[in-house]
Amino acid sequence: MLVEGTDGKYSTVESLSEGEYQEKGSKFIGLVVSCFNEEEAKNFLEQWRKEHYKARHLCYAYKFGVIQEVYRVNDDGEPNNSAGMPIHGQIQAFGLTNVLIGVVRYYGGVKLGVGGLINAYRTAAKEAIENAIIIEKEVYEWVQLHFEYDQLPQVMSKIKQLNLTPQNQDFALRCSLTLNLPLDKAHQMKEEIVGYEKRIEIKILGKY
């Protein structure tokens, strides 16, 4: 969680962690993982559905971002607000962001009622978080550069000078690459990279 006036850090989980809760024959398996965007979340959810193909429900919540937050909850067929919101409540309670939590339910044949479901999904999510290692991470501004092939030597030289590590590089007819810039130096670094070269385009992908 990024708190206004702090040194630009947020809390998330280090790696995938699980928790479990059982009630009246139903088993609820909580899964929490560090995640940064909806595409990543979709991939994790598809993987979990394959691994738990016999489960009745896979409810989830995620939260991304440290400046402009994005979140979503999903009840996956359970009564409205009985699953996704309790899961999201645990993300909030632990002060996390850039995280996805899914809770898989194996139905035990006995209905739990809305109150029972809220408690079950909340507890499974909480168990998963409590079993995880919570870490603090620096906030970066992620940017994508687009430029012409003849500018490649200049751009790469400047990136090396700034001690940055380019990612997702594509050097085809037109070049593109992704950089993560320390939040407190992002504006200065972007100006240094572009310089007087107006043909270098910078697209801001987000801050996380």
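This report concerns the structure included in the present document. Treat the numbers as computed from the prediction; the structure is a model and nothing was measured.

## Quick look at unusual backbone geometry
At Asn-98, a position not held by glycine, the phi torsion is positive, near 50°. Relative to the elements of secondary structure, Asn-98 occurs in the loop between helix H2 (84-93) and strand S6 (99-106). Located in the positive-phi region is Asn-163, a residue other than glycine, with phi close to 60°. By secondary structure assignment, the location of Asn-163 is in the loop between helix H4 (152-161) and strand S9 (167-171).

## Thoughts on the pattern of salt bridges
Side chains carrying opposite charge are able to pair once their charged atoms draw close together. The tally for this structure, following the rule as stated, stands at five salt bridges. For Arg-174, the salt bridge identified is with Glu-148, shortest N-O distance 2.7 Å. Linking Arg-174 in strand S10 (residues 174-182) with Glu-148 in strand S8 (residues 140-148), this pair joins segments that are 26 residues apart in sequence. Notably, a salt bridge pairs Glu-201 with Arg-174, separated by 3.3 Å at the nearest N-O pair. With Glu-201 in strand S11 (residues 201-207) and Arg-174 in strand S10, the pair connects residues that are 27 residues apart, well separated along the chain.

## A word on the nonpolar core
Membership of the largest hydrophobic core comes to 22 residues, with the highest contact counts inside it found for Phe-28, Val-32, Ile-87, Ile-101, Val-103 and Tyr-121. Of all the secondary structure elements, the ones that give two or more residues to this core are strand S3 (26-34), strand S4 (57-64), H2, S6 and helix H3 (113-130). In terms of residues, this core owes the most to one element, H3, which gives seven residues. Discounting residues that sit within four places of it in the chain, Val-32 has contacts with Val-13, Ser-15, Leu-16, Ser-17, Val-99, Leu-100, Ile-101, Ala-128, Ile-129 and Ala-132. Phe-147, Val-155, Leu-179 and Met-189 belong to the second largest nonpolar core, which has 17 residues in total.

So, how was this worked out
- Residues numbered from 1 in each chain as written.
- Predicted model: local features only at pLDDT ≥ 70, side-chain atom pairs only at ≥ 80, totals over all residues.
- Heavy atoms only, no water.
- Helix = DSSP H or I, 4+ residues; strand = E, 2+ residues; numbered from the N terminus.
- Salt bridge = Lys/Arg side-chain N within 4 Å of Asp/Glu carboxyl O.
- Core = buried A, V, L, I, M, F, W, Y, C linked by side-chain atoms within 4.5 Å.
- Buried < 20%, exposed > 50% of the residue type's maximum accessible area, 1.4 Å probe, protein only.
- Contact = heavy atoms within 4.5 Å.

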